[in-house]
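What the coordinates show
One-letter residues, chain by chain:
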Amino acid sequence: MNVAIAGLIVCLAAAASAQDAVGTRIAQSASAAEGLQGGLDGAWALLDARGRTLFIFQIGDPPTTAGPLTCAWRAPDGALGVAACHRRGRSLTIAFEAAGRRRFVLHPSRGGVWQGEFIGHGAGQPVTLRRG
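The notes below deal with the structure included here. Predicted model, so just to flag it, every value in this text is computed and none were measured. (Residues numbered from 1 in each chain as written. Predicted model: local features only at pLDDT ≥ 70, side-chain atom pairs only at ≥ 80, totals over all residues. Heavy atoms only, no water.)

1. Description of the pairing of strand β1 (residues 42-47)
- Counted residue by residue, β1 has five buried out of six residues, so it is predominantly covered.
- Pairing between β1 and strand β2 (residues 53-60): six bridges, direction antiparallel. If you follow Ala 43 over to β2, its bridge partner there is Gln 58.
- Counted between consecutive antiparallel strands, the loop separating β1 from β2 contains five residues, among which Gly 51 sits at a positive phi close to 90°. (Buried < 20%, exposed > 50% of the residue type's maximum accessible area, 1.4 Å probe, protein only. Helix = DSSP H or I, 4+ residues; strand = E, 2+ residues; numbered from the N terminus. Pairing = 2+ DSSP bridges.)

Here it is in C-alpha cells:
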C-alpha cells in the first residue's frame, strides 16, 4: 500500500473517531439538560374539539413537581402574553388574558396528551393540550 494512502486512511479513521466522541458528548449533554427539565417543559398547542389551534404555550417546568411553572402564550393571530400555569396533583390550570379572561383546566390523558375544558364564558368546551 502506498505510504500516502496509508497516512490518509489513518487520518480519516482518527477524524471519524473524534467525530464519534463529539457525537457521544453532545448526546450526553442533551440527556443531562433534559434531566434539568420537568415533563411539561417545552412548546404545547392548545386545540379545540375540531383540532384547530387556539393557542401555543411555551412552558418552563423545573425537574421536580415542587417548583413553579413559567408560561407564555401566543395566539394564531400573533398576539403574545404571559400565562399563570399551576399544577395541583394531576391537574394543570392555565389562566391568562387574551380577548377576555381565559382559563383552562386539564388532566393527563394517553400518549402525553392533556384533556380538559375551557372554564368561564363558554364553559365546558373541550380542549386538548399536546406537544407542538
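2. Some remarks on the packing of aromatic side chains
- One pass over the structure, following the stated rule, counts seven aromatic pairs.
- Taking the centre distance of 6.3 Å and the plane angle of 45° together, the rings of Phe 55 and Phe 57 count as tilted.
- For Phe 57, a relative accessible area of 1% gives the class buried.
- Aromatic pair Phe 55 and Phe 96: ring centres 4.9 Å apart, planes at 85°, arrangement edge-to-face. Of the two residues, Phe 55 sits in strand β2 while Phe 96 sits in strand β5 (residues 91-97), which places them 41 residues apart along the sequence.
- With relative accessibility at 7%, the residue Phe 55 sits in the buried group. (Phe/Tyr/Trp six-rings, centres within 6.5 Å; stacked < 30°, edge-to-face > 60°.)

3. Points about the pattern of salt bridges
- Counted under the stated rule, the structure contains two salt bridges.
- Asp 48 is the salt-bridge partner of Arg 52, the closest N and O atoms lying 2.7 Å from each other.
- Given the relative accessible area of 14%, Asp 48 is considered buried.
- Here Arg 87 ties to Asp 61 by a salt bridge, and the two come within 3.0 Å at their closest N and O atoms. In this pair, Arg 87 is assigned in strand β4 (residues 80-88) and Asp 61 in the loop between β2 and β3 (70-74), connecting sequence segments 26 residues apart.
- Classification of Arg 87 as partly exposed rests on a relative accessible area of 24%.
- For Asp 61, a relative accessible area of 3% gives the class buried. (Salt bridge = Lys/Arg side-chain N within 4 Å of Asp/Glu carboxyl O.)

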